[in-house]
Amino acid sequence: PMRKLFSLTASVALALSLLPPASAAPTAAQVQKQVNELRDEAASKYEAANGIKYQISKLQRELNGLKAGEAAANAKAAGLKSDISKMAVENYKNGGLGNGLELMLSRDPAKYLSDASMLDILAQRYATKLRQLNTYKQGLQSSQLVVSDRAAQLKAAQIRLQKQVAAANAALKKAEKLLASLKAEERARLAAADDAEQAKILAESKRLAALYAGGSTKGAIALRYALDQLGDIYVWAGAGPTKWDCSGLTMRAFQKAGVSMPHFAAAQYRFGKSVPYSAIAPGDLLFFGSPISHVGIYLGHGKMVHAPRPGKKVEIAPSSRLGYKRFVGARRL
(Lines give C-alpha, C1' and ligand atoms only; values in the text may rest on other atoms or scores of the structure.)
Protein backbone atom coordinates (compact mmCIF):
# COMPACT_ATOMS: atom_id res chain seq x y z
CA PRO A 1 0.00 0.00 0.00
CA MET A 2 2.77 2.43 0.88
CA ARG A 3 4.46 1.65 -2.43
CA LYS A 4 1.21 2.39 -4.32
CA LEU A 5 0.70 5.64 -2.39
CA PHE A 6 4.26 6.70 -3.16
CA SER A 7 3.76 5.87 -6.84
CA LEU A 8 0.48 7.88 -6.96
CA THR A 9 2.09 10.87 -5.25
CA ALA A 10 4.99 10.80 -7.70
CA SER A 11 2.60 10.63 -10.63
CA VAL A 12 0.62 13.64 -9.37
CA ALA A 13 3.83 15.59 -8.80
CA LEU A 14 5.03 14.75 -12.30
CA ALA A 15 1.67 15.80 -13.81
CA LEU A 16 1.73 19.08 -11.92
CA SER A 17 5.29 19.76 -13.08
CA LEU A 18 4.19 19.32 -16.68
CA LEU A 19 1.36 21.89 -16.42
CA PRO A 20 2.15 25.30 -17.99
CA PRO A 21 3.06 27.88 -15.35
CA ALA A 22 0.23 30.21 -14.37
CA SER A 23 0.61 33.50 -16.21
CA ALA A 24 1.67 36.27 -13.88
CA ALA A 25 -0.52 39.36 -13.65
CA PRO A 26 0.83 42.17 -15.85
CA THR A 27 2.87 44.80 -14.09
CA ALA A 28 1.69 48.40 -13.86
CA ALA A 29 4.23 49.37 -16.52
CA GLN A 30 2.91 46.67 -18.88
CA VAL A 31 -0.66 47.82 -18.29
CA GLN A 32 0.32 51.42 -19.03
CA LYS A 33 1.98 50.32 -22.28
CA GLN A 34 -1.18 48.45 -23.35
CA VAL A 35 -3.33 51.44 -22.39
CA ASN A 36 -1.20 53.77 -24.51
CA GLU A 37 -1.40 51.37 -27.45
CA LEU A 38 -5.20 51.19 -27.12
CA ARG A 39 -5.42 54.98 -27.03
CA ASP A 40 -3.28 55.18 -30.16
CA GLU A 41 -5.59 52.64 -31.77
CA ALA A 42 -8.61 54.74 -30.77
CA ALA A 43 -7.02 57.85 -32.32
CA SER A 44 -6.53 56.00 -35.62
CA LYS A 45 -10.12 54.82 -35.59
CA TYR A 46 -11.36 58.32 -34.79
CA GLU A 47 -9.41 59.72 -37.75
CA ALA A 48 -10.97 57.04 -39.95
CA ALA A 49 -14.32 58.25 -38.61
CA ASN A 50 -13.34 61.77 -39.71
CA GLY A 51 -12.88 60.32 -43.19
CA ILE A 52 -16.39 58.87 -43.16
CA LYS A 53 -17.78 62.20 -41.91
CA TYR A 54 -15.97 63.88 -44.81
CA GLN A 55 -17.55 61.43 -47.25
CA ILE A 56 -20.96 62.00 -45.65
CA SER A 57 -20.64 65.78 -46.06
CA LYS A 58 -19.78 65.35 -49.75
CA LEU A 59 -22.68 62.96 -50.32
CA GLN A 60 -25.04 65.31 -48.47
CA ARG A 61 -23.98 68.28 -50.61
CA GLU A 62 -24.39 66.22 -53.78
CA LEU A 63 -27.77 64.95 -52.63
CA ASN A 64 -28.93 68.48 -51.79
CA GLY A 65 -27.81 69.66 -55.24
CA LEU A 66 -29.60 66.80 -56.95
CA LYS A 67 -32.79 67.48 -55.02
CA ALA A 68 -32.60 71.19 -55.85
CA GLY A 69 -32.11 70.32 -59.53
CA GLU A 70 -35.00 67.87 -59.34
CA ALA A 71 -37.26 70.54 -57.83
CA ALA A 72 -36.25 73.03 -60.54
CA ALA A 73 -36.88 70.42 -63.27
CA ASN A 74 -40.28 69.59 -61.76
CA ALA A 75 -41.19 73.28 -61.76
CA LYS A 76 -40.04 73.63 -65.37
CA ALA A 77 -41.99 70.54 -66.40
CA ALA A 78 -45.11 71.87 -64.66
CA GLY A 79 -44.70 75.18 -66.55
CA LEU A 80 -44.34 73.35 -69.86
CA LYS A 81 -47.45 71.26 -69.15
CA SER A 82 -49.39 74.45 -68.44
CA ASP A 83 -48.13 76.09 -71.66
CA ILE A 84 -48.99 73.00 -73.70
CA SER A 85 -52.49 72.86 -72.21
CA LYS A 86 -53.12 76.52 -73.07
CA MET A 87 -51.83 76.03 -76.61
CA ALA A 88 -54.03 72.95 -77.05
CA VAL A 89 -57.14 74.91 -75.99
CA GLU A 90 -56.26 77.82 -78.30
CA ASN A 91 -55.60 75.46 -81.16
CA TYR A 92 -58.98 73.79 -80.65
CA LYS A 93 -60.79 77.15 -80.57
CA ASN A 94 -59.07 78.48 -83.69
CA GLY A 95 -59.10 75.32 -85.76
CA GLY A 96 -62.49 73.84 -84.98
CA LEU A 97 -63.99 74.42 -88.55
CA GLY A 98 -61.00 73.02 -90.40
CA ASN A 99 -58.50 74.97 -92.47
CA GLY A 100 -60.10 74.31 -95.90
CA LEU A 101 -63.60 75.43 -94.87
CA GLU A 102 -62.22 78.56 -93.17
CA LEU A 103 -60.33 79.48 -96.36
CA MET A 104 -63.49 79.00 -98.48
CA LEU A 105 -65.67 81.13 -96.19
CA SER A 106 -63.07 83.78 -95.52
CA ARG A 107 -63.76 87.26 -96.95
CA ASP A 108 -60.05 87.99 -96.86
CA PRO A 109 -58.04 84.96 -98.06
CA ALA A 110 -54.74 86.84 -97.67
CA LYS A 111 -55.48 87.54 -94.03
CA TYR A 112 -56.57 83.96 -93.49
CA LEU A 113 -53.37 82.63 -95.02
CA SER A 114 -51.44 84.90 -92.67
CA ASP A 115 -53.44 83.51 -89.74
CA ALA A 116 -52.86 79.98 -90.99
CA SER A 117 -49.12 80.68 -91.11
CA MET A 118 -49.33 81.83 -87.50
CA LEU A 119 -51.13 78.62 -86.59
CA ASP A 120 -48.30 76.68 -88.21
CA ILE A 121 -45.81 78.60 -86.08
CA LEU A 122 -47.90 77.86 -83.00
CA ALA A 123 -47.95 74.17 -83.94
CA GLN A 124 -44.17 74.20 -84.20
CA ARG A 125 -43.94 75.82 -80.78
CA TYR A 126 -46.35 73.22 -79.45
CA ALA A 127 -44.16 70.43 -80.80
CA THR A 128 -41.04 72.10 -79.40
CA LYS A 129 -42.56 72.36 -75.93
CA LEU A 130 -43.64 68.72 -76.10
CA ARG A 131 -40.05 67.72 -76.91
CA GLN A 132 -38.78 69.88 -74.04
CA LEU A 133 -41.28 68.29 -71.67
CA ASN A 134 -40.18 64.79 -72.69
CA THR A 135 -36.55 65.79 -72.19
CA TYR A 136 -37.29 67.08 -68.68
CA LYS A 137 -39.26 63.92 -67.88
CA GLN A 138 -36.34 61.73 -68.95
CA GLY A 139 -33.94 63.90 -66.97
CA LEU A 140 -36.15 63.63 -63.91
CA GLN A 141 -36.27 59.85 -64.16
CA SER A 142 -32.46 59.70 -64.33
CA SER A 143 -32.14 62.22 -61.50
CA GLN A 144 -34.50 60.25 -59.29
CA LEU A 145 -32.36 57.14 -59.77
CA VAL A 146 -29.21 59.07 -58.82
CA VAL A 147 -30.96 60.66 -55.83
CA SER A 148 -32.03 57.22 -54.64
CA ASP A 149 -28.49 55.87 -55.09
CA ARG A 150 -26.87 58.77 -53.21
CA ALA A 151 -29.42 58.48 -50.41
CA ALA A 152 -28.55 54.78 -50.06
CA GLN A 153 -24.81 55.60 -50.04
CA LEU A 154 -25.41 58.27 -47.40
CA LYS A 155 -27.31 55.84 -45.18
CA ALA A 156 -24.57 53.21 -45.54
CA ALA A 157 -21.87 55.79 -44.70
CA GLN A 158 -23.76 56.86 -41.58
CA ILE A 159 -23.90 53.22 -40.44
CA ARG A 160 -20.13 52.87 -41.08
CA LEU A 161 -19.51 56.03 -39.04
CA GLN A 162 -21.46 54.66 -36.08
CA LYS A 163 -19.48 51.39 -36.21
CA GLN A 164 -16.12 53.19 -36.49
CA VAL A 165 -16.85 55.47 -33.53
CA ALA A 166 -18.11 52.49 -31.54
CA ALA A 167 -14.85 50.63 -32.27
CA ALA A 168 -12.79 53.63 -31.13
CA ASN A 169 -14.86 53.98 -27.97
CA ALA A 170 -14.46 50.25 -27.33
CA ALA A 171 -10.67 50.59 -27.44
CA LEU A 172 -10.84 53.38 -24.86
CA LYS A 173 -13.18 51.35 -22.64
CA LYS A 174 -10.76 48.43 -22.82
CA ALA A 175 -7.97 50.76 -21.73
CA GLU A 176 -10.05 51.97 -18.79
CA LYS A 177 -10.83 48.36 -17.84
CA LEU A 178 -7.11 47.53 -17.84
CA LEU A 179 -6.39 50.46 -15.54
CA ALA A 180 -9.25 49.42 -13.28
CA SER A 181 -7.65 45.97 -12.93
CA LEU A 182 -4.73 47.52 -11.04
CA LYS A 183 -4.70 48.15 -7.33
CA ALA A 184 -5.75 51.63 -6.24
CA GLU A 185 -2.21 52.58 -5.18
CA GLU A 186 -0.81 51.40 -8.54
CA ARG A 187 -3.40 53.47 -10.42
CA ALA A 188 -2.55 56.51 -8.33
CA ARG A 189 1.15 56.00 -8.95
CA LEU A 190 0.61 55.69 -12.73
CA ALA A 191 -1.64 58.78 -12.79
CA ALA A 192 0.96 60.81 -10.90
CA ALA A 193 3.72 59.61 -13.23
CA ASP A 194 1.60 60.47 -16.29
CA ASP A 195 0.81 63.94 -14.94
CA ALA A 196 4.50 64.55 -14.31
CA GLU A 197 5.37 63.34 -17.82
CA GLN A 198 2.70 65.56 -19.40
CA ALA A 199 3.95 68.57 -17.43
CA LYS A 200 7.51 67.86 -18.57
CA ILE A 201 6.43 67.53 -22.21
CA LEU A 202 4.42 70.77 -22.05
CA ALA A 203 7.30 72.70 -20.48
CA GLU A 204 9.71 71.46 -23.15
CA SER A 205 7.15 72.14 -25.90
CA LYS A 206 6.73 75.74 -24.75
CA ARG A 207 10.50 76.16 -24.57
CA LEU A 208 10.87 74.98 -28.17
CA ALA A 209 7.91 77.08 -29.32
CA ALA A 210 9.52 80.22 -27.87
CA LEU A 211 12.53 79.64 -30.14
CA TYR A 212 10.41 79.79 -33.30
CA ALA A 213 10.94 83.12 -35.03
CA GLY A 214 7.82 82.90 -37.21
CA GLY A 215 7.34 84.16 -40.76
CA SER A 216 4.84 85.39 -43.33
CA THR A 217 4.32 82.25 -45.41
CA LYS A 218 1.10 80.24 -45.10
CA GLY A 219 2.98 77.45 -43.36
CA ALA A 220 4.59 79.87 -40.90
CA ILE A 221 1.23 81.45 -40.02
CA ALA A 222 -0.35 78.02 -39.56
CA LEU A 223 2.57 76.83 -37.43
CA ARG A 224 2.34 79.85 -35.13
CA TYR A 225 -1.39 79.24 -34.67
CA ALA A 226 -0.79 75.57 -33.82
CA LEU A 227 1.95 76.47 -31.33
CA ASP A 228 -0.47 78.81 -29.56
CA GLN A 229 -2.65 75.76 -28.80
CA LEU A 230 0.03 73.87 -26.83
CA GLY A 231 -1.48 72.23 -23.76
CA ASP A 232 -5.02 71.98 -25.18
CA ILE A 233 -6.59 68.53 -24.82
CA TYR A 234 -7.21 65.95 -27.53
CA VAL A 235 -10.89 65.30 -28.25
CA TRP A 236 -12.15 63.43 -31.29
CA ALA A 237 -13.68 65.77 -33.91
CA GLY A 238 -12.30 68.72 -31.92
CA ALA A 239 -11.58 71.77 -34.07
CA GLY A 240 -11.11 74.40 -31.38
CA PRO A 241 -11.09 76.63 -29.62
CA THR A 242 -9.58 74.51 -26.81
CA LYS A 243 -10.19 70.90 -27.92
CA TRP A 244 -8.52 69.31 -30.93
CA ASP A 245 -7.88 66.15 -32.84
CA CYS A 246 -4.95 65.97 -35.24
CA SER A 247 -6.68 67.06 -38.46
CA GLY A 248 -8.93 69.52 -36.63
CA LEU A 249 -5.82 71.37 -35.42
CA THR A 250 -4.16 71.48 -38.84
CA MET A 251 -7.43 72.46 -40.53
CA ARG A 252 -7.91 75.49 -38.25
CA ALA A 253 -4.22 76.40 -38.37
CA PHE A 254 -4.19 76.66 -42.15
CA GLN A 255 -7.60 78.31 -42.14
CA LYS A 256 -5.86 81.07 -40.19
CA ALA A 257 -3.43 81.29 -43.11
CA GLY A 258 -6.27 81.55 -45.64
CA VAL A 259 -6.31 77.89 -46.75
CA SER A 260 -9.57 75.93 -46.53
CA MET A 261 -9.04 72.20 -45.95
CA PRO A 262 -11.36 69.38 -44.83
CA HIS A 263 -11.27 67.93 -41.32
CA PHE A 264 -9.60 64.70 -42.45
CA ALA A 265 -5.87 63.93 -42.61
CA ALA A 266 -5.97 61.80 -45.78
CA ALA A 267 -7.89 64.54 -47.63
CA GLN A 268 -5.42 67.18 -46.43
CA TYR A 269 -2.65 65.09 -48.00
CA ARG A 270 -3.99 66.11 -51.42
CA PHE A 271 -3.30 69.81 -50.79
CA GLY A 272 -0.12 71.66 -51.70
CA LYS A 273 2.94 70.02 -53.20
CA SER A 274 4.88 66.97 -52.11
CA VAL A 275 8.16 67.55 -50.26
CA PRO A 276 10.73 64.82 -49.44
CA TYR A 277 11.56 64.43 -45.75
CA SER A 278 15.12 65.54 -46.44
CA ALA A 279 13.80 68.93 -47.64
CA ILE A 280 10.99 69.64 -45.15
CA ALA A 281 10.77 73.12 -43.65
CA PRO A 282 8.83 74.70 -40.76
CA GLY A 283 5.14 74.89 -41.64
CA ASP A 284 5.05 71.77 -43.80
CA LEU A 285 2.35 69.20 -43.07
CA LEU A 286 3.62 65.75 -42.04
CA PHE A 287 1.49 62.63 -42.51
CA PHE A 288 1.70 59.25 -40.79
CA GLY A 289 0.15 55.78 -41.01
CA SER A 290 -0.96 53.48 -43.80
CA PRO A 291 -3.70 54.34 -44.51
CA ILE A 292 -3.01 57.90 -43.38
CA SER A 293 -4.32 58.34 -39.85
CA HIS A 294 -2.35 61.26 -38.40
CA VAL A 295 -1.05 64.71 -39.35
CA GLY A 296 1.15 67.33 -37.69
CA ILE A 297 2.98 70.53 -38.63
CA TYR A 298 6.78 70.52 -38.86
CA LEU A 299 8.56 72.91 -36.47
CA GLY A 300 12.15 72.25 -37.44
CA HIS A 301 15.11 70.32 -35.97
CA GLY A 302 13.24 67.00 -36.25
CA LYS A 303 10.22 68.21 -34.28
CA MET A 304 6.53 68.79 -35.05
CA VAL A 305 3.47 70.17 -33.26
CA HIS A 306 0.41 67.93 -33.20
CA ALA A 307 -2.64 66.73 -31.25
CA PRO A 308 -1.55 63.14 -30.47
CA ARG A 309 -4.36 60.95 -29.06
CA PRO A 310 -6.90 60.56 -26.25
CA GLY A 311 -5.26 61.16 -22.89
CA LYS A 312 -2.71 63.62 -24.26
CA LYS A 313 -2.50 67.31 -25.12
CA VAL A 314 -1.24 69.36 -28.06
CA GLU A 315 2.53 69.01 -27.88
CA ILE A 316 5.82 69.17 -29.74
CA ALA A 317 7.21 65.71 -30.53
CA PRO A 318 9.78 63.99 -32.79
CA SER A 319 8.70 64.07 -36.44
CA SER A 320 10.40 61.13 -38.12
CA ARG A 321 8.04 58.49 -36.73
CA LEU A 322 4.93 58.39 -34.56
CA GLY A 323 4.96 55.21 -32.49
CA TYR A 324 4.07 52.35 -34.81
CA LYS A 325 2.87 54.77 -37.51
CA ARG A 326 5.52 55.40 -40.10
CA PHE A 327 6.04 58.72 -41.87
CA VAL A 328 4.40 58.61 -45.31
CA GLY A 329 4.85 62.10 -46.77
CA ALA A 330 5.00 65.86 -46.38
CA ARG A 331 3.07 68.63 -48.15
CA ARG A 332 3.89 72.33 -48.52
CA LEU A 333 1.00 74.78 -48.94
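Anything mentioned here points back to the structure above.
What you see is a predicted model; the values in this text were computed from it and never measured.

Reading guide: rules and limits
- Residues numbered from 1 in each chain as written.
- Predicted model: local features only at pLDDT ≥ 70, side-chain atom pairs only at ≥ 80, totals over all residues.
- Heavy atoms only, no water.
- Helix = DSSP H or I, 4+ residues; strand = E, 2+ residues; numbered from the N terminus.
- Buried < 20%, exposed > 50% of the residue type's maximum accessible area, 1.4 Å probe, protein only.
- Contact = heavy atoms within 4.5 Å.
- 1 Å grid on protein atoms, 1.4 Å probe; cavity = no way out; pocket = protein on both sides within 12 Å on 5 of 7 lines; lining within 4 Å.
- Points joined across faces, edges and corners; volume = space filled by probe spheres on them.
- Nonpolar A, V, L, I, M, F, W, Y, C, P; charged D, E, K, R; others polar.
- Arc of directions from axis to C-beta.
- Axes fitted to C-alpha atoms, helices over the stretch in contact; angles between N-to-C directions.
- Parallel < 35°, antiparallel > 145°, perpendicular 65-115°, else oblique.
- Left-handed = near helix turned anticlockwise from the far one by under 90°.
- Polar contact = N/O pair within 3.5 Å; in protein donor to acceptor, adjacent residues only side chain to side chain.
- Phe/Tyr/Trp six-rings, centres within 6.5 Å; stacked < 30°, edge-to-face > 60°.
- Salt bridge = Lys/Arg side-chain N within 4 Å of Asp/Glu carboxyl O.
- Core = buried A, V, L, I, M, F, W, Y, C linked by side-chain atoms within 4.5 Å.

Asks: Before we go on, may I ask you to explain the overall build of the protein chain in this structure?
Replies: Check the secondary structure of the protein chain and you find eight helices and nine strands. The burial tally for the protein chain puts 35% of its 333 residues in the buried class. Considering only contacts within the protein chain whose residues lie at least 6 apart along the sequence, 67% involve residues at least 24 apart.

Asks: Sorry, what's going on with empty space enclosed by the protein here?
Replies: By rolling a water-sized probe across the atoms, one finds the places where empty space is left. Counted by the stated rule, this structure contains one cavity of 30 Å³ or more. As a volume, the largest cavity reaches approximately 40 Å³. Forming the boundary of the largest cavity are Gln-198, Ile-201, Leu-202, Lys-313, Val-314 and Glu-315. Here the lining of the largest cavity gets three residues from one element, more than from any other, and that element is helix H5 (residues 184–210). By residue class, the composition of the lining of the largest cavity is three nonpolar, one polar and two charged.

Asks: What is the right way to read helix H6 (residues 218–227) from this model?
Replies: Each turn of an α-helix holds 3.6 residues, which means side chains three or four residues apart point in the same direction. Listing the buried residues of H6 in full gives Gly-219, Ala-220, Ala-222, Leu-223, Ala-226 and Leu-227. Projected down its long axis, H6 carries its buried residues within an arc of 165°, all on one side. Residues of H6 that are buried in the fold lie against H5, helix H7 (246–256), strand E5 (294–300), strand E6 (303–306) and strand E7 (315–318).

Asks: Just to check I follow, could you spell out the packing of H6 against H7 for this structure?
Replies: Relative placement of two packed helices is described by the angle separating their axes and the distance separating the axes. Interaxial distance between H6 and H7 falls to 7 Å at its minimum, and their mutual angle equals 125°. With respect to H7, the axis of H6 lies oblique. For the element pair H6 and H7, the recorded crossing hand is right-handed. Contact residues: H6 offers Lys-218, Gly-219, Ile-221, Ala-222, Tyr-225 and Ala-226, while H7 offers Leu-249, Arg-252, Ala-253, Phe-254 and Lys-256. When grouped by side-chain class, the residues that make up the contact of H6 with H7 number seven nonpolar, one polar and three charged.

Asks: For this particular structure, what's the right way to read the side chain of Glu-315?
Replies: Tracing the backbone shows Glu-315 in strand E7. Within the local environment of Glu-315, its side chain forms a polar contact with the side chain of Lys-312, the two groups lying 3.2 Å apart. Those residues in contact with Glu-315, other than ones at most four positions away along the chain, are Ile-201, Ser-205, Leu-230, Met-304, Val-305, His-306 and Pro-308.

Asks: Would you explain the packing of aromatic side chains in this entry?
Replies: Each aromatic ring pair is characterised by the separation of its centres together with the angle its planes make. Taken as a whole and assessed by the stated rule, the structure comprises six aromatic pairs. With a centroid separation of 5.9 Å and an interplanar angle of 40°, the aromatic rings of Tyr-54 and Phe-264 are classed as tilted. A residue pair is termed long-range when its members are at least 10 positions apart, and Tyr-54 in helix H2 (residues 28–95) and Phe-264 in the loop between H7 and helix H8 (265–268) qualify at 210 residues. Judged by relative accessible area, Phe-264 falls into the buried class, the value being 15%. Judged by centre distance (6.2 Å) and plane angle (90°), the ring pair of Tyr-225 and Trp-244 falls under edge-to-face. Here Trp-244 lies in strand E2 (residues 243–244) and Tyr-225 lies in helix H6, a separation of 19 residues in the sequence. Accessibility expressed as a relative area gives 21% for Tyr-225, which makes it partly exposed.

Asks: Even after reading the chapter, I still don't get the pattern of salt bridges, so can you show me in this structure?
Replies: Two side chains with opposite charge may pair up if their charged atoms get near one another. This model, assessed by the stated rule, comprises nine salt bridges. Between Glu-176 and Arg-39 there is a salt bridge, with its nearest N and O atoms 3.6 Å apart. Taken as a pair, Glu-176 in helix H4 (residues 109–180) and Arg-39 in helix H2 lie far apart in primary sequence, 137 residues in all. Close ionic contact of Arg-309 with Asp-40 constitutes a salt bridge, the shortest N to O distance being 3.3 Å. Highlighted residues: Arg-309 in the loop between E6 and E7 and Asp-40 in helix H2, separated in sequence by 269 residues. On the basis of relative accessible area, Arg-309 is assigned to the buried category, the value being 9%.

Asks: Would you explain the nonpolar core in this entry?
Replies: Soluble, globular proteins show a tendency: their nonpolar side chains are buried together. In terms of nonpolar packing, the biggest core is built from 52 residues, with Leu-227, Ile-297, Val-305 and Ile-316 touching the most fellow members. Among the elements that take part in this core, H2 stands out by supplying 12 residues, more than any other. Once residues within four sequence positions are removed from consideration, Ile-297 is found in contact with Ala-222, Leu-223, Ala-226, Thr-250, Ala-253, Phe-254, Gly-283, Asp-284, Leu-285, Met-304 and Val-305. Among the nonpolar cores identified, the runner-up in size contains nine residues, and Val-275, Leu-286, Tyr-298 and Phe-327 belong to it.

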